[in-house]
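# Structure assessment
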Amino acid sequence: MLTRSKLRHALLFFTVITSIVYLFSNNTLKNNEITDKNITENIAAESSVINNRSQETIEPTWLSMQDAIVHNNQTRDGGWWAPSPLNSSDRQRIAIIIPYRDRESNLIVLLYHIHTILQKQRRNYRVFVVEQQSIIGESPIDKLGHDNFNKGAIMNAGVTEVLKLDKYSCFIFHDVDLIPEEEEIPYTCQKSPSHLSVRIDKFKYNIPYNGLIGGVLTVPSTIYRVVNGYSNRYWGHGSEDDDMWLRFHKKKIKVLRPNINKLRYKMMRHAKRKWSGGNYCELLKNKKNRFRSLEEDGLRNVKYKLTFIKIYKLFTHIMIDIQVPKDQVKCKWSPK
């Protein structure tokens, strides 16, 4: 029979062993180099990460949107805020772009926290929730099915509409299911793109593969134009971020990971969408010539219709109808 003393010693032993395993884990951050030679390994690693998410369930939350509004009562309509008076370091105009579809509880929690952090950091910002419209009927997008979310096209369309509303020098693309654990995470743009969501609790605060820049990414508006934004060709779950990394690599643009020990995030649970293999195959099929069409696939070429723009207290809601290309890739390759 375990006494309290024995139980306490057992718990202490378990804690020590766990700490040692973590410290000596070989799954640590590598240097930020990726080439066509190792992109296949990175894609395989990403497929493993995605498959490991299949057991996730919707995370209940006691928060309501009204709770988030009350908590952030200094935020102005449309989800914007700026310090007063402005000094030279506050003048960077930041657009927080959240690609969104069917994750309301995650969105409420993110809005509850992100405004507080941005205001403590005295950022001059506005939050945009860019949603892909679900169409019921005979449209091509309906035939593709509910699971075919085009995150890259959503972000390109979002940037296009955001720049029609105002001038922004910094874009921060933020997944709706990631909550910063540290208030010191720098929500601002440097001269180069910065990957902020380096350490995520879901992955035991290790980066799953070297080329990963998904989650939370800051990109100066000038650089976003140089690489022509994200690709519009990735339908389903994933790979548009890998393609963006390669666009940076092609243009010899370094991706920063500033102060990685502070870049910690919690991933909220959510319902898992069905995996779509076409996006991975797109990378593999175009391994050697994907960048020949870089100028023809991206920000300047995204096909969409603006459904509406609505102003809410904590965000500006942009609803987008993405136009499905006729040459949508079909692929038999699947991750192992």
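Described below are features of the structure shown in this document.

## Observations regarding helix α8 (residues 240-250)
- Counting buried positions over the 11 residues of α8 gives nine, a clear majority of the element.
- Every buried residue of α8 is accounted for by E240, D241, D242, D243, M244, W245, L246, R247 and F248.
- One or two residues past the end of α8 sits K252, with phi positive at roughly 60°.

## Brief notes about unusual backbone geometry
- Residue P85 is reached from S84 by a cis peptide bond, and omega for that bond is 0°.
- Checked against the element boundaries, P85 lands in the loop between β1 (80-81) and β2 (93-100).
- One non-glycine residue, R122, adopts positive backbone phi at about 60°.
- One can find R122 in the loop between α4 (104-120) and β3 (124-132).
- Positive phi, normally seen in glycine, also occurs at K252, with a value near 60°.

## Points about the nonpolar core
- Membership of the largest hydrophobic core comes to 38 residues, with the highest contact counts inside it found for I98, Y187 and Y265.
- Only β2, α4, β3, β4 (170-174), β5 (178-180) and β9 (264-267) provide two or more residues apiece to this core.
- Considering every element that reaches this core, the biggest residue donor is α4, with nine residues.
- Setting aside residues no more than four positions away along its own chain, I98 makes contact with L107, L110, V127, F128, V129, V130, H174 and V176.

## Remarks on the pattern of salt bridges
- Considering all chains together, one arrives at 12 salt bridges under this definition.
- Among the salt bridges present, the one from D175 reaches K151, with a minimum N-O distance of 2.7 Å. Of this pair, D175 sits in the loop between β4 and β5 while K151 sits in helix α6 (residues 151-165), and the two are 24 residues apart along the sequence. A single burial state applies to D175 and to K151, both of which are buried.
- One salt bridge connects E182 with R264, and the closest N-O pair in it is separated by 3.9 Å. Pair noted here: E182 is in the loop between β5 and β6 (194-195) and R264 is in strand β9, with a separation of 82 residues, a long-range link.
- What you see here is one network of salt bridges that share partners, running through K151, D175 and D241.

## Some thoughts on the packing of aromatic side chains
- Inspection of every chain in the model, using the stated rule, returns seven aromatic pairs.
- Aromatic pair F171 and Y224: ring centres 5.7 Å apart, planes at 70°, arrangement edge-to-face. Taken together, the positions of F171 in strand β4 and Y224 in helix α7 (residues 221-226) put the pair 53 residues apart, joining distant regions of the chain.
- A residue is classified by how much of its surface remains accessible, and F171, at 1% relative accessible area, is buried.
- For Y224, a relative accessible area of 0% gives the class buried.
- Here the aromatic cluster, defined as three or more aromatic residues joined through ring pairs, consists of F171, F173, Y224 and Y230.

Conventions we followed
- Residues numbered from 1 in each chain as written.
- Predicted model: local features only at pLDDT ≥ 70, side-chain atom pairs only at ≥ 80, totals over all residues.
- Heavy atoms only, no water.
- Buried < 20%, exposed > 50% of the residue type's maximum accessible area, 1.4 Å probe, protein only.
- Helix = DSSP H or I, 4+ residues; strand = E, 2+ residues; numbered from the N terminus.
- Core = buried A, V, L, I, M, F, W, Y, C linked by side-chain atoms within 4.5 Å.
- Contact = heavy atoms within 4.5 Å.
- Salt bridge = Lys/Arg side-chain N within 4 Å of Asp/Glu carboxyl O.
- Phe/Tyr/Trp six-rings, centres within 6.5 Å; stacked < 30°, edge-to-face > 60°.

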